[in-house]
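What follows is the residue order along each chain.
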Amino acid sequence: MTLIKSAKANDIDPSNYLSYLLKNIPELPTFANSADLEAYLPWNFMASPVAAESLIYRTVA
């Protein structure tokens, strides 16, 4: 599954999620451990400060 599909599957706007990743992952240590990387998975992204604005709001027809 791609990053974009993972974001959509978790009701996250893909462009905001990718921007978040590209901004924050370079700040990790060179050899980050798996616990550090888990915070950036889409299902853990919801705990980040920018998550509220990244939700995809679905309208009911």
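Shown above is the structure to which this text applies.
Quantities reported herein were computed from a predicted structural model and do not represent experimental measurements. (Residues numbered from 1 in each chain as written. Predicted model: local features only at pLDDT ≥ 70, side-chain atom pairs only at ≥ 80, totals over all residues. Heavy atoms only, no water.)

> How would you summarise the overall build of the protein if you had to cite specific residues and measurements?
A count of helices and strands for the protein gives 4 helices and 0 strands. In the protein, the succession of α and β elements from N to C terminus is α-α-α-α. By sequence separation, contacts in the protein at least 24 residues apart represent 54% of the contacts at least 6 residues apart. Here the protein displays about 4,600 Å² of accessible surface, and carbon together with sulfur accounts for 60% of that area. (Helix = DSSP H or I, 4+ residues; strand = E, 2+ residues; numbered from the N terminus. Contact = heavy atoms within 4.5 Å. Areas by Shrake-Rupley, 256 points an atom, 1.4 Å probe, with all protein chains shown as cover.)

> An account of the nonpolar core is needed here, citing residue identities and associated values.
Counting 8 residues, the largest nonpolar core is built from A7, I12, Y17, Y20, L21, L28, Y40 and F45. The leading source of residues in this core is helix α2 (residues 14-24), at 3 residues. (Core = buried A, V, L, I, M, F, W, Y, C linked by side-chain atoms within 4.5 Å. Buried < 20%, exposed > 50% of the residue type's maximum accessible area, 1.4 Å probe, protein only.)

> Any chance you could break down α2 for me, citing the residues and the numbers?
For α2, the complete set of buried residues consists of P14, Y17, Y20, L21 and N24. An end-on view of α2 places all buried positions within 125° of arc, on one side of the element. Within α2, the exposed residues directed more than 90 degrees away from the buried face are L22 and K23. (Arc of directions from axis to C-beta.)

> Describe the environment of L3, with residues and values.
Mapped onto the fold, L3 is located in helix α1 (residues 3-9). It is 9.0 Å that separates the C-alpha atoms of L3 and L41, two residues lying 38 residues apart in sequence.

Fair warning: the whole summary comes from geometry, so function is off the table for now.
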